Amino acid sequence: MKRISSFLLAMVMMLSVLGSVSVVQAQEWKAGDNVTVSKNGNVITVKGNGDMKNYSLNDLPAWTNDIDTTKIIIDDGVTSIGDFAFSNFMSVKDVTIADTVKYIGQRAFSGCFMLKTINIPASVEVIGDYALSTTVGDASNLEKITVSDGNKNFTIENDILYNITKTILYKVPSKLNIEKLDVISSVVSIKPEAVISCKSLKEVNLPVNVISVGANAFTDCKNLQKVVVQNGECDLALASIPDNKGLELYGYKDTNVELYAQRNGCSNITFVPLDECTTHKWDGGQVTKPATCTSTGIKTYTCTVCKATKTEEIAKTAHKVVIDEAVEATCTKTGLTEGKHCSVCETVIEKQEVIPKTAHKYDDGQVTKSATCTSTGVKTYTCTVCKATKTETIAKKAHSYKNYVTKATTSKNGSIVNKCSICGAKKSTSTVYKIKSVILTTSTGSVFTSTYYNGKVKTPGVTVKDSNGKTLKKGTDYTVSYESGRKNVGRYAVKVTFKGNYSGSKTLYFNVIPKNVSGIKKLTARSKGFTVSWNPQKTQVTGYQIQYSTASNFKNAKTITMGKSSYSAKKVTGRMAKKRYYVRIRTYKTVKFNGKNYNIYSPWCAKKSVVTKK
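Just so you know, these numbers come straight off a predicted model, no measurement behind them.

Asker: I'd like a rundown of the overall build of the protein, residues and numbers included.
Answerer: When you go through the protein residue by residue, the secondary structure sums to two helices and 50 strands. Since a compact globule built from 614 residues should have a radius of gyration of about 25 Å, the 57 Å found for the protein marks it as more spread out than a globular shape. Principal-axis analysis of the C-alpha atoms gives the protein an extent of 160 × 95 × 45 Å. Looking at the protein as a whole, 39% of its 614 residues are labelled buried. As displayed, the protein has an accessible area near 32800 Å², and 48% of this comes from carbon and sulfur atoms.

The structure is reproduced here in structure tokens:
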């Protein structure tokens, strides 16, 4: 029996090898837009991103002329293995396919005679015909096929490769030790060369669901002696059943199975008819003529064994009722009530009645002319169906009085005018008197300008009066914001911001002054001078000033500044002998204010006098 075999393909490729042995092979080839094939020693590696190019028997890839490659690696990123990519690499023993490949092309590894095992990654979606047909001549070393966990398209059962639903038998490894193959009942088709070169196989049973067997499916199964085909309509491709001497092909008479044995040059095959059905096995039946409300239908049942048929009558159906939707009546047209009729025979089941036109359906109206305190307005209503309109008069409005304020400032009076916001008619006018005084105050109401340091935050009060003597109200007429700190010695700002009927702002200042010394501790006369001592004041103090004069009112006094708070005495020399001098002391602290250094002084302590010695 004549067939297209892997052996013929192998011969073609071997001739290609012999015809090119004198050519120096390239080490890297382009195999797609973003894919390359490279060879390093006995290893071929496919790298890149995307699909390999597909090849054919008349357009083999450049790297086909290879007889020593033993390993093929398909790297991550490659998404397909092209048709004929590695056909008849007869020295290859190891193939690794990355989990990015989705397509294994036709005859991708056909004729890879030395290949014993191959794994189908979880990513593979399509396996082309003959892709795993590793047979050369009538021999193959393929022992095992595996499928990675998670593959949604292929599965292994009893070491046989199927699609995931087990309706297609893809491949039985040639070295699988199996004598009888009972194809599982879910299988519908068997791929070409699916069971090629299984030399241990003696008997095959194809159940009724198998409707096609691919070319060369059982070729070179040398020991196969019995094939049973349960489906008489099964399409047996050319050379699908081998013409083994003494092989018995079982099937029903006058079917494709008998024709295969008679017309395909199968001189060694004996056709053996199966017995006719004694008890038909009817399928679930198929409606070959649907029943309607005007005629009966027909349901046909088929024997799953011999394909005999029988029919039964299907009773007429009830009317197929369709609702004729109601049509709402409007002010411009009549409507219809809901009705019913049969969609098959058009029989009227419930007649539609006419509904008279309705009255206008006016909306809630829209003011098209607003009423004011000087004129009436208009409200227009529109029919939501036909857009007809009607109007009504809106009565005049009362005056809408509103206060209009001209805010007073520290230099100018303001005013409050109560007038109609629509026509401007005035009702009253009152004066907002200007702000006359803004002062800081103590808790008793006294004017506050400074206070001694005592380690506590200082928050003076604020009193604001207008030019009419009225005291303004905090929160209503003004707000107060205090500079942060206000505890240590320094100069601090208090900002008063006017609001309500007043505008503008005013900033006031107060000092926290350092504590003074308790007094002059000792004043001792010296020759033409004196020594003054005191108890030092170290908290919030930069230093001291000593002032002395021959006048008790300190006219023309001299001042000595001492820049450390730790000082407690000072010797004064070079003065007039036997002369009375008046002496006093005060503390000071240097602070930053508006970016400049600024000294804040305590009051002078009580004065003392001393008469210098000769």
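Asker: Just give me the short version of the nonpolar core, but keep the residues and values in it.
Answerer: Among the nonpolar cores identified, the biggest contains 38 residues, and M52, W63, I81, F86, I104 and F109 are the most heavily contacted of them. If you list the elements that add at least two residues to this core, you get β2 (35–40), β3 (43–48), β5 (71–74), β6 (78–81), β7 (94–97), β9 (117–120) and β11 (144–147). Formed by 35 residues, the second largest nonpolar core is a distinct cluster that contains Y162, C198, A217 and C234.

Asker: Now, about the pattern of salt bridges: what can you tell me, with residues and values included?
Answerer: All told, the structure shown has 13 salt bridges when counted by the stated rule. Note that K39 and D68 form a salt bridge whose closest N and O atoms lie 2.6 Å from each other. Linking K39 in strand β2 with D68 in the loop between β4 (50–51) and β5, this pair joins segments that are 29 residues apart in sequence. Taking the relative accessible area as the measure of exposure, D68 reaches 35% and is therefore partly exposed. One continuous salt-bridge network, built from bridges that share partners, spans K39, D66 and D68.

Asker: Pulling in residues and values, what's your account of the confidence of the model for the protein?
Answerer: Averaged over the protein, the pLDDT score is 89; the fraction of residues at 70 or greater is 94%. Taken together, the stretch residues 1–9 has pLDDT below 50 and engages in 28 contacts with residues farther than four places along the chain or on a different chain. Scored below 50 in pLDDT, residues 11–24 shows twelve contacts in the model against residues more than four places distant or in partner chains.

Asker: Give a detailed account of the environment of R584, specifying residues and quantitative values.
Answerer: Inspection of the secondary structure puts R584 in strand β48 (residues 580–593). C-alpha separation for the pair R584 and F554, spaced 30 residues apart in sequence, amounts to 9.4 Å. In contact with R584, other than residues within four places in its own chain, are I520, Q545, I546, Q547, F554, W604, C605 and K607. Side chain to side chain, R584 and Q547 meet in a polar contact 2.6 Å long.

Asker: With reference to specific residues and values, describe the state of the cysteines.
Answerer: According to the stated counting rule, one finds zero disulfides in the structure shown. C234 supplies the cysteine sulfur nearest to C266, a cysteine that is in no disulfide, at a spacing of 14 Å. Overall, C266 belongs to the buried group, its relative accessible area being 7%. Considering cysteine sulfurs only, C331 is the nearest to C383, which forms no disulfide, with 3.5 Å between them. Residue classification places C383 among the buried residues on the basis of a relative accessible area of 0%.

Asker: Run through the side chain of Q545, naming residues and quoting values.
Answerer: Within the secondary structure layout, Q545 lies in strand β45 (residues 543–549). Residue classification places Q545 among the buried positions, given a relative accessible area of 8%. Within the structure, Q545 has its side chain in polar contact with the side chain of T561 (distance 3.2 Å). A distance of 2.8 Å separates the side chain of Q545 from the side chain of R586, its partner in a polar contact. Ignoring sequence-local partners within four residues, the contact set of Q545 consists of T559, I560, T561, R584, I585, R586, Y588, Y601 and W604.

Asker: So what's going on with the sheet that holds strand β19 (residues 226–229)? Which residues, and what values?
Answerer: Judged by pairing direction, the sheet is parallel, and its five strands sit side by side in the order β15-β17-β19-β21-β22 without closing on themselves. The open sheet has two edge strands with one neighbour each: β15 (180–182) and β22 (270–273). For this sheet, the mean angle separating the axes of adjacent strands, direction not counted, is 15°. In the sheet, strand β17 (residues 203–206) pairs with β19 via four bridges, with the strands oriented parallel. Looking at the pairing, N205 lines up with V228 of β19.

What counts, and at which threshold
- Residues numbered from 1 in each chain as written.
- Predicted model: local features only at pLDDT ≥ 70, side-chain atom pairs only at ≥ 80, totals over all residues.
- Heavy atoms only, no water.
- Helix = DSSP H or I, 4+ residues; strand = E, 2+ residues; numbered from the N terminus.
- Rg over C-alpha atoms; globule rule 2.2 N^0.38 Å.
- Buried < 20%, exposed > 50% of the residue type's maximum accessible area, 1.4 Å probe, protein only.
- Areas by Shrake-Rupley, 256 points an atom, 1.4 Å probe, with all protein chains shown as cover.
- Core = buried A, V, L, I, M, F, W, Y, C linked by side-chain atoms within 4.5 Å.
- Salt bridge = Lys/Arg side-chain N within 4 Å of Asp/Glu carboxyl O.
- pLDDT = per-residue confidence, 0-100.
- Contact = heavy atoms within 4.5 Å.
- Polar contact = N/O pair within 3.5 Å; in protein donor to acceptor, adjacent residues only side chain to side chain.
- Disulfide = S-S within 2.5 Å.
- Pairing = 2+ DSSP bridges.
- Axes fitted to C-alpha atoms, helices over the stretch in contact; angles between N-to-C directions.

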